[in-house]
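# Architecture and fold: a report
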Amino acid sequence: MADISADTTANNNLNAQMEPGLRPSLPPPTLETGAVGWLRHNLFSSWVNAILTVLALYILYLIIPPFLAWAVFDATWTVPPLAAGVEDHPPQFADCRANAGACWIFVEARLPQFVYGFYTAEQRWRVDIVFLILAVSIFGLLSERIKRKKELAIFFFAIFPILAFWLLYGGLGLEVVETRLWGGFMLTLILSGIGIVFSLPLGVLLALGRRSDLPVVHMLCVVMIEFVRGVPLITILFMANVMLPFFLPPGVEFNVLLRVLLGVTIFAAAYMAEVVRGGLQALPKGQYEGAMAMGLGYWQMMRLIILPQALRIAIPGIVNNFISLTQDTTLVAIVGLYDFLNIVRAGSRDTNWLGTEIEGYVFCALVYWIFCFAMSRYSMHLERKLHTGHKKR
Amino acid sequence: MTADVQGSKDASTATVTPWWRDERKRGIASQALVGLVLVGFVWFMASNMLANQERLGVPMSFRFLDSPAGFQLSFATISVTLDSPISRILLVGALNTLFASAITAVLATVLGVIIGISRLSTNFLISRLAGAYIELLRNTPLLLQLVFWYASVVAALPAVKSSLSLFNVIFLNKKGLYVPDPVFQPGAGLVLVAFIVAVVASVVLRRWASQRQAATGERFPAISVSILLLLGLPALTSLALGNPVEWDIPVLGGFNFSGGLAFQPEVVALIVGLGLNSSAFIAEIIRGGIIAVSHGQTEAALALGLKPRWTLRLVVIPQAQRIIIPPMVSQYLNVVKNSTLAGFIGYPDLFSVIGTSQNQTGRAVECITILMLFYLAVSLVISTVLNWYNKRVALVER
């Protein structure tokens, strides 16, 4: 007891001396601020951490310098001038032999094909227009500064698909370009775009059906969702390609692209349905009861009260599904379509370009990465914007 | 809900409601319509299929399974020859799928847990490195990763003469991966029995230890004793029997390695590609699970005086486990489903074997039926087992 009181007196004295304003406050210790402080806190806070830091630096040392050397410093960026006595030839892998690094002239030479596939060269401006409208309207839909979202959405979901189909396929005054000539990045965009646009409404319907009180509808939706989710996408594409002709009357034939689109959309819709169901289940029952008490019918209740909230909750999952759908479109190679990845693969098998596989794949990965990463960042942004709960820390 | 409707209907019997205003009758009518459309659709498909099969002269029959396949597989876990019936080839394909999926799942789990925890590390470099790994692998298509690994395995690995080696027993080169092969002498079964006994004993030990701790508060080092049992019992048995399991170590001779187990580049690329890809997804699941445990739980545990290590083990992980299991179930299912991409890099999984058989026999409907049944069965088994486990660890509310 005595000790404590002595302590308190000492403290009081100290406090009197340290009264604010009596002395200028000292700067924080140099070891705690600036770059040194940051290093001490984040990299060397304990000896275990220090070892981990050194390990991480070693891993970076193993990966980054060789990669940079390969991809940048030792790479062939432009077609070298013709050596004396060598016949003039289109660019090929032999032109890269002088350098140890990547052969980027492969990507340069093949870029038009990577983008448009086998689309008729003189008609490629039509694809460019579609790309342009797509980019502008997506920017318009996502940007917060631009108003009139409703008109934009109607244009994007109702008018644009028809316009795009007319521009890409032709007819009505434009030269027809058969779908078997479609390929490359353009095909990847078409597949994922149509998959995204159709799978969401279909998925919502399936999710509502699964939660329906009507046993027949409920069972039908459960069987549909679980069956599709139980088998790999590639088997569904295979089935759409090989088995569908068996199910149709003789003579009726579907375009391959259409069959693939059907398979991709159904597959994505089943996954979408589960994400939407999660959103529906997360809503408190009071929302349903409140809507019913207001005298709203089923569809009114869903459209006005339930779905706007449930879809908002489900946004991260929905965007994740969009991302995996975009990546899954690479599987259409199994039915012989030349999407972006497949056309890059085919390009590096060209006898003039043997040995450029890795370059092609790295380029391809970069493009997919940019798109998917942008989508995931946007979904995180949305999540933050819509987040109203309490945040940890 | 139906009860409500019933009630309101009984109350208003005085005024006759038209049937389309009655929710119950309307439900029955709309369902009948859906059912009718469905039956019509299925009947249309089935009749077309039968007509088409008849027209093409290939009536539905699974007898083709007994005819010799006439094609060889580049990788097989059980013996198979050119004359083997198609059923045997399909079995090999199914086993290949399960083999690749199982190894991938183990690899991905170990790697995913490490990466997921690294992502949460307070060490800036480590967490950023893990983040870059996850973002890179999650945002590029799996097929691209597989073909990339395949191309790099073939292109970037050294020739046979200058193989990469681990302790001179495991070798990696352009032609694949060479690991020691266990050779079982008579008596090897007993070692396996010893191992099973050790597993059972450690489960019993753990249960007893936790019961005793609950009753008396005394602790028993169950984990270290179990590890000792699991390693020691088989080792002792093996010693007592005079080493019935011998290791056939690969040896470089001439142009290639002889002895040991050889895995072709396809197998290596498949397992590496699929494993790394799934590990990124598992890492995110682990991270999400740990983050989802409310920070108040950690703070309360620390306030009670638990050390950080025990906070993690006794408070955070048991709660995170419940959140982690359901997405892990679907991730394991994804591993099995994603292994169908193996065909693209020449690994004979069930899908690619079925594709070849279908090409040769023209039996599309039968082949796809087998394929779908297999994947549905695997999905069903995995999700049943893991859902059972999930129920066991789930929080019992109210």
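Residue positions are given per chain, counted from 1 along the sequence in the order it is written. Throughout, the order in which chains and ligands are written sets their labels, letters from A for the former and numbers from 1 for the latter. Only residues with pLDDT of at least 70 get local features here, since the model is predicted, and only at 80 or more are side-chain atom pairs given and counted; chain-wide, interface and lining totals rely on the full set of residues. As a convention, hydrogens and water are excluded, and side-chain values are obtained from all of the structure's heavy atoms.

Applicable threshold: UniProt positions are given in the numbering used here, feature names are shortened, and annotations may be inferred rather than shown by experiment.
Named according to an unreviewed UniProt entry, chain B is ABC transporter permease subunit originating from Dongia sedimenti. In UniProt, chain B has this text filed under Sequence similarities (unreviewed entry): "Belongs to the binding-protein-dependent transport system permease family. HisMQ subfamily."

An unreviewed UniProt entry lists chain A under the name Amino acid ABC transporter permease, with Dongia sedimenti given as the organism. UniProt's Sequence similarities (unreviewed entry) comment on chain A is quoted here verbatim: "Belongs to the binding-protein-dependent transport system permease family. HisMQ subfamily."

### Comments concerning the overall build of chain A
The criterion, for reference: Here a strand is any run of E in DSSP of at least two residues, a helix any run of H or I of at least four, and the numbering for each starts at the N terminus. A radius of gyration in this sense is built from C-alpha atoms; the matching globule rule multiplies 2.2 Å by the number of residues raised to 0.38.
If you tally the helices and strands in chain A, you get 14 helices and zero strands. Ordering the α and β elements of chain A from the N terminus gives α-α-α-α-α-α-α-α-α-α-α-α-α-α. Computed over its C-alpha atoms, the radius of gyration of chain A comes to 30 Å, more than 25% above the 21 Å expected for a compact globule of 393 residues. Oriented by its inertia axes, the alpha-carbon framework of chain A measures out at about 105 × 85 × 40 Å.

### With respect to the environment of Arg26 of chain B
Residues and elements named next belong to chain B. Going by this rule: Under the scheme applied here, a residue whose accessible area is under 20% of the maximum for its type counts as buried, over 50% as exposed, and between as partly exposed, the area being computed with a 1.4 Å probe on protein chains only. Whether two residues are in contact is decided by their heavy atoms, any of which lying within 4.5 Å being enough.
Take Arg26: it is sitting in helix H2 (residues 23–56). What makes Arg26 partly exposed here is its relative accessible area of 45%. When residues no more than four places from it in sequence are discounted, the contact partners of Arg26 are Trp19 and Trp20.

### Regarding helix H5 (residues 124–142) of chain A
In an α-helix, one turn spans 3.6 residues, which is why side chains three or four residues apart end up on the same side. For clarity, the cut-off: Here, expected helix span is obtained from the residue count minus one, scaled by 1.5 Å.
The terminal C-alpha atoms of H5 of chain A lie 27 Å apart, and with 19 residues this matches the ideal 27 Å at 1.5 Å per residue to within 8%. Within the sequence span of H5 of chain A, burial applies to Arg124, Arg126, Val127, Val130, Ser137, Gly140 and Leu141 of chain A.

### Observations concerning the interface of chain B and chain A
Basically, it comes down to this: Throughout, the accessible surface (probe 1.4 Å) given up by two parts as they are put together, summed over both, is called the buried area. The salt bridge criterion pairs a side-chain nitrogen of Lys or Arg with a carboxyl oxygen of Asp or Glu, the two atoms within 4 Å. Polar contacts, as counted here, are pairs of nitrogen or oxygen atoms within 3.5 Å of one another; within protein the pair requires one atom able to donate a hydrogen and one able to accept it, and residues that are adjacent in sequence qualify only if both atoms are side-chain atoms. Throughout this entry, Asp, Glu, Lys and Arg are counted as charged residues, while Ala, Val, Leu, Ile, Met, Phe, Trp, Tyr, Cys and Pro are counted as nonpolar. The remaining residues, Gly among them, count as polar.
Taken residue by residue, the interface counts 50 residues in chain B and 59 residues in chain A. Counting the surface lost from both chain B and chain A, the interface buries some 5000 Å², and carbon and sulfur atoms represent 76% of this. Counting across the chain B and chain A interface gives one salt bridge. Measuring nitrogen to oxygen at the nearest pair gives 3.5 Å for the salt bridge that ties Arg377 of chain A to Glu135 of chain B. At the boundary of chain B with chain A, the tally comes to 11 residue pairs in polar contact (both at pLDDT 80 or more). When residues of the side of chain B that touches chain A are traced back to their parent elements, those giving at least two are H2, helix H4 (124–138), helix H5 (142–156), helix H11 (350–361) and helix H12 (364–393) of chain B. Among the elements that line the side of chain B that touches chain A, the one with the most residues is H2 of chain B, at 14 residues. Residues of the side of chain B that touches chain A, tallied by class, amount to 29 nonpolar, 17 polar and four charged.

### Focus on the nonpolar core
Residues and elements named next belong to chain A. Threshold: Buried Ala, Val, Leu, Ile, Met, Phe, Trp, Tyr and Cys residues that are joined via side-chain atoms within 4.5 Å together make up what is termed a nonpolar core.
Of all hydrophobic cores here, the largest spans 120 residues; its most connected members are Trp182 and Phe340. When residues no more than four places from it in sequence are discounted, the contact partners of Phe340 are Phe114, Gly184, Phe185, Thr188, Phe363, Cys364, Val367 and Tyr368. Ile225, Leu280, Leu283 and Tyr288 belong to the second largest nonpolar core, which has 19 residues in total.

### Here we look at the pattern of salt bridges
Two side chains bearing opposite charge may form a pair once their charged atoms approach each other closely. Residue and element names in this part refer to chain A. One pass over the structure, following the stated rule, counts eight salt bridges over all chains. Between Arg110 and Asp350 there is a salt bridge, with the nearest N and O atoms lying 2.1 Å from each other. Taken together, the residues span a long stretch of sequence, with Arg110 in helix H4 (residues 105–116) and Asp350 in the loop between helix H13 (340–348) and helix H14 (357–386) at a distance of 240 residues. Since its relative accessible area comes to 16%, Arg110 is described here as buried. Residue class for Asp350 comes out partly exposed when judged on its relative accessible area of 24%. Glu274 is the partner of Arg210 in a salt bridge, and the nearest nitrogen-oxygen pair spans 2.9 Å.

### Concerning the side chain of Arg345 of chain A
The cut-off we apply is this: Only four residue types enter the charge count, namely Lys and Arg as positive and Asp and Glu as negative; His and the chain termini do not.
Relative to the helices and strands, Arg345 of chain A is located in helix H13. Although Arg345 of chain A lies buried, it forms no salt bridge, and the closest oppositely charged side chain, Glu357 of chain A, sits 5.8 Å away as judged by the N-O distance.

### With respect to the UniProt feature "domain: ABC transmembrane type-1" (unreviewed entry) in chain A
UniProt's entry tags residues 185–379 of chain A with the feature "domain: ABC transmembrane type-1" (unreviewed entry), counted in the numbering of this structure. Counting secondary structure, residues 185–379 of chain A comes out at 80% helix and 0% strand; the distance between its end C-alpha atoms is 23 Å.

### As for the sheet that holds strand E2 (residues 170–173) of chain B
All names here are of chain B. Defined as follows: Pairing between two strands requires that DSSP report at least two bridges joining them. Inter-axis angles, ranging from 0 to 180 degrees, are taken between N-to-C directions of lines fitted to C-alpha atoms, where helices are fitted over the stretch in contact.
Across the sheet, which stays open at both edges, the four strands sit in the order E1-E2-E3-E8 with antiparallel pairing between neighbours. Across the chains shown, the open sheet's two edge strands, defined by having one partner strand only, are strand E1 (164–166) and strand E8 (261–263). Adjacent strand axes in the sheet meet at a mean angle of 15° when their direction is disregarded. Pairing geometry for strand E3 (residues 176–179) and E8, over three bridges, is antiparallel. Bridging from a neighbouring strand, Val179 pairs with Leu261 of E8. Packed on one face of the sheet, helix H8 (residues 265–292) meets E2, E3 and E8 and runs near 70° to E8.

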